[in-house]
Amino acid sequence: MARSKSAARLGVDHTADRRRSPSPSPSRKKRKAPSPGPRPLTPTGKEKHTPEPAVKDNDIFNLPSSDYNVLFFLIVLAVGVRLFRIYQPSSVVFDEVHFGGFATKYIKGKFFMDVHPPLAKLLITLAGWLAGFDGSFDFKEIGLDYLEPRVPYVAMRMLPAVCGILTIPLMFLTAKAMGTSTASAALAAGLVIFDNALVTQSRLILLDSPLVVFTAFTGLAWACFLNLHEQGPKKAFGANWWFWLAMTGLGLGATASVKWVGLFTIAWVGVLTVWQLWTLLGDTVNVTPRIWVKHFYARAVCLIGIPIAFYMGMFVIHFICLVNPGEGDGFMSAEFVSTLNGKGMKNVAADVAFGSKITIKHHNTQGGYLHSHNHMYPTGSLQQQVTLYPHRDINNDWVIENTTAPAGGVGIGGFDAINPPIWVQDGSIIKLYHTATDRRLHSHDHRPPVSDADWQNEVSAYGYTGFEGDANDYFRVEIVKSLSDGVEAKKRLRTIQTKFRLIHTLTGCVLFSHKVKLPAWGFEQQEVTCAKGGTVPNSIWYIESNSHVQLGADAEKVNYKKPGFFGKFWELQKVMWRTNAGLVESHAWDSRPDSWPLLKRGINFWGKDHRQIYLIGNPLIWWTSTAVIGVYAVFKILAILRWQRGYGDYAVENFRRFDYEVGVAVLGWALHYFPFFLMQRQLFLHHYLPALYFAILALSQTFDFVAFRIKAFGVKKIPALGWTLAILFLTASALVFTLYSPLAYGNPWTKAQCKQVKLFDKWDWDCNTFLNNIDDYKKIVPSAKRSPSAASPPPQPLVAPNQQPIVAEKPKEETTLRADTKIEEIVEYRDQNGNILNEAQVKALEGKVEFETKYETRYRVVDEFGNEIESSDQPIVDQNAPVPEEPEAVEPETPGAEEPVVAAPENVEAEAEPQTEPAKEPEPEEAAPAEGAEPVDETPKVEAEAEAEIHDEQVEQDVEDVESVQEPEITAMETEEDPVNSVDNSSDSDSDEPLVVETDPETITSTATVTETLSNDSEEEETSTPEVWEKDSAEL
């Protein structure tokens, strides 16, 4: 029988009968190969079953002992590579800030929201807890030292490291299950060992190592199931068949429970499952309809049911652990938050009447409560700001008024006196009176300061005590019946149950809020506008709290319906999805998917003491695996074209097996890589690691066909040559790994060594970071950045934005400190007026106030007996004191207390607005520059934050007529309990409201007089620049 051209080229010697490839001449009639095309029919019209050649059983439980010896050697090698100096560096690295911080929150039970599912975070927490971690370290900043606070960071890093080690035997066994030789399987496992990116990720408290190991486990289980499936229907539904199918489902659930990238693994298994079922459907000889349905249900239960059950089980544990309020509260609905400890709300009156004191909450964005405070917009009308604020506060309180004063009463008191109360119906025209500032909710034809668009109007609070308001305060209630719960709630306002819109009667715009943050002058709270044609979800509100003097204890009460597990689970999934999709801002180290296979850019993880950790892969492994993917793509295109032209290449077993085996791995690579092109969110190099795993598998399979299966290459005849090639490639990979290993381990490196291996400018680590000689590293004393949780940082001086520290007049003659100079530290306690407090006064204030710490360096000259020598020189303030970092501006809120009233400077430009009715709006008094302060954790930082952030144009105008006011030495804030605790967990309160605090007005507005002395031989010129700092103690 004549030998086909394709078979001759592949060097395959088949003794079984097979169809010969037709001549390539286009003049001859072409016949297609039997495998991809339709099968021949029997005379009865049924499809004839053509048995496939027998497939070797690659059961991983029947491997020879030599394979286990090789596997043991690879595991030992992986342990050495992954655990080498795992204690290094001994400070927080890159995303350990997040995932270590999540461990702290799990241990403390504080609810948080993360875009990733909880499995890996729970495992990391378990590792830390078993090692004695108590959650006292917050991981809040890269570079924080682990050693001094005794954080068991090595134990926590061991979890990803063990996952990285387990990836090696999983890769080896997967390659064996796919039919490769021992040399090729060892090559695949060795490449995983020596990839720098996989090593770096597996040595830190990160999620990618658990993700890769669960992906690898799924790949092994699926490869073993494929091995059984290919051996024919007789292997179906056996014990091994069920075991590996169930393990595949378990792996899919675990992978998806680490990161949603696991959905790509589910897609990989799903595509191959559909192909299997389609093939079984065509086997009319061995697979009856009943058996096919059994195949379908078996796969549905194991590949859909098990993953879903496992995934949801992880969230059961997640909710059990996180029972206390935390930073994630603001992402969730009020119903969800009410399930947390101390966040439940007392039952409130259901019916809303004119005169009711209410809080109004935004329905869609979880931005918080409709809120106003005594701060003005810097542009537009210059009137009082209206925002959304996420915490309960006195400044969220509004009273519903009718458009006219009630008979027999005036203003608020009159509405309260009406009995029986008048319910607020659908279509009622109302005014909303802000109780804390005596102003009313107001809108007019001014553009908002941030969303400056024609379809947006500014919303402000306007008025003053005794002013009844104007027509710009009128809003019409429009109940959204489709979202309201209950018959009565669709007719009139009812607490919680009614969802409504507020339509401005004069302009027709709707009260609106969206996820746009105001700048620092608005304390980064969420913007509120009046939108013409705004989206319906963002214009829907509801009333959360409601009280009225005429509604007694017997009035109907309502409360939030606490969701069960499935309600909380589904809400959290939606929030995770929206938050993940919203991560679209650029990052200093992000990259796009097209750069990953070629390793164009990495990620800077950490740098300190002339060392650096930089995520970069092994160039030899990445580029070779990418080349193999390209080779297979070309092969597949040519194979399809040749099949269409009638060539019988698929009749050749090696041709068919290469296409199938390598194709399975390349499909896994493609489904873990190409979906990232559809994402607009931040992406990083580590997102490519699961795809890299499949690329390495494809590389080892391709090597196996070249070295051990296809005779045409000449390697198959000499098995030792295949082993030699595998060892040489592994050796080269290990050498390249060693060259870049200082970036993985944070080891000493020299500039010259760095520049030799930095092949591209886009590899943007800085070689100048490193020293010239390795010996120079021995002279460096490692720096340790102290953790705030371990030791308090030195207090920071208060410095206004863009201002130098206050400097007194320097002595005309320089003073050189002698060796016997003594340094004394004196602590003085002063009140807000600068008066020194004695010991008894300080003791009486303990627990009631918070002190702001300032450092001041003074010099005095004494004689030999210690007597001070009088000098006219001014004291010198240390200019080298550190300047505090500028944190996010957060508005201080004062729940349950009246705001202090501060006299406004004279000649301040008044609020102005075009009038819409004859009555002229009076010129209101200037608002007090701050609200009350809430207790905080770090008083110096918070005080510096407020003074540094609140510095807008209006304040600068105020400066002109303000004379110097003594800068406060301390800030006294009366609190109900420990100021460190910002959550009130008392059982007798409605909810977890912030503590009630009062702030002395004189600590709110102060004037710092900066004195600069210019010294010449003949004259001195002294200038004084007063500057007003508006201060608002921030809530952390």
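A brief report on the enclosed structure follows. Here the structure is a predicted model, which means the values were calculated and not measured.

## Quick word on the overall build of the protein chain
- The number of helices and strands found in the protein chain is 22 helices and 22 strands.
- Residue burial in the protein chain is summarised as follows: out of 1036 residues, 52% are buried.
- Counted over contacts in the protein chain with a minimum sequence separation of 6, partners at least 24 positions apart contribute 76%.
- By element, 57% of the accessible surface of the protein chain is carried by carbon and sulfur atoms, the whole surface being about 48300 Å².

## Some details on the pairing of strand β15 (residues 603-608)
- Pairing between β15 and strand β16 (residues 611-615): 5 bridges, direction antiparallel. The residue bridging Lys-608 from the neighbouring strand is Arg-611, located in β16.
- Here β15 folds back onto β16, and the loop between the two strands holds 2 residues, one of which, Asp-609, carries a positive phi near 55°.

## Some remarks on a nonpolar patch on the surface
- Among the surface-exposed residues, Leu-598, Trp-623, Leu-759 and Phe-760 lie close enough to one another that they form a single nonpolar patch of about 370 Å² accessible area.
- For Trp-623, the position within the fold is in helix α15 (residues 619-644).
- Look at Trp-623 and you get partly exposed, because its relative accessible area is 31%.

## Observations regarding the packing of helix α17 (residues 689-709) against helix α18 (residues 719-745)
- Relative to each other, α17 and α18 sit at 150°, their axes nearing to 9 Å. Classified by the interaxial angle, the pair formed by α17 and α18 is roughly antiparallel. The handedness of the crossing between α17 and α18 is right-handed. In this structure, α17 contributes Leu-699, Phe-703, Ala-707 and Phe-708 to the contact, and α18 contributes Pro-719, Gly-722, Trp-723, Leu-725, Ala-726 and Phe-729.
- Split by residue class, the contact of α17 with α18 holds 9 nonpolar, 1 polar and no charged.

## With respect to the pattern of salt bridges
- Evaluation of the coordinates by the stated rule reveals 25 salt bridges.
- The closest approach of N and O atoms between Asp-445 and Arg-447, which form a salt bridge, is 2.9 Å.
- A salt bridge links Asp-659 to Lys-636; the shortest N-O distance between them is 2.9 Å. With Asp-659 in helix α16 (residues 653-671) and Lys-636 in helix α15, this pair connects stretches of sequence that are 23 residues apart.
- Under the relative-accessibility criterion, Asp-659 is labelled buried at 10%.

Reading guide: rules and limits
- Residues numbered from 1 in each chain as written.
- Predicted model: local features only at pLDDT ≥ 70, side-chain atom pairs only at ≥ 80, totals over all residues.
- Heavy atoms only, no water.
- Helix = DSSP H or I, 4+ residues; strand = E, 2+ residues; numbered from the N terminus.
- Buried < 20%, exposed > 50% of the residue type's maximum accessible area, 1.4 Å probe, protein only.
- Contact = heavy atoms within 4.5 Å.
- Areas by Shrake-Rupley, 256 points an atom, 1.4 Å probe, with all protein chains shown as cover.
- Pairing = 2+ DSSP bridges.
- Patch = residues over 30% accessible without salt bridge, like charges linked within 9 Å, V, L, I, M, F, W, Y side chains within 5 Å.
- Salt bridge = Lys/Arg side-chain N within 4 Å of Asp/Glu carboxyl O.
- Axes fitted to C-alpha atoms, helices over the stretch in contact; angles between N-to-C directions.
- Parallel < 35°, antiparallel > 145°, perpendicular 65-115°, else oblique.
- Left-handed = near helix turned anticlockwise from the far one by under 90°.
- Nonpolar A, V, L, I, M, F, W, Y, C, P; charged D, E, K, R; others polar.

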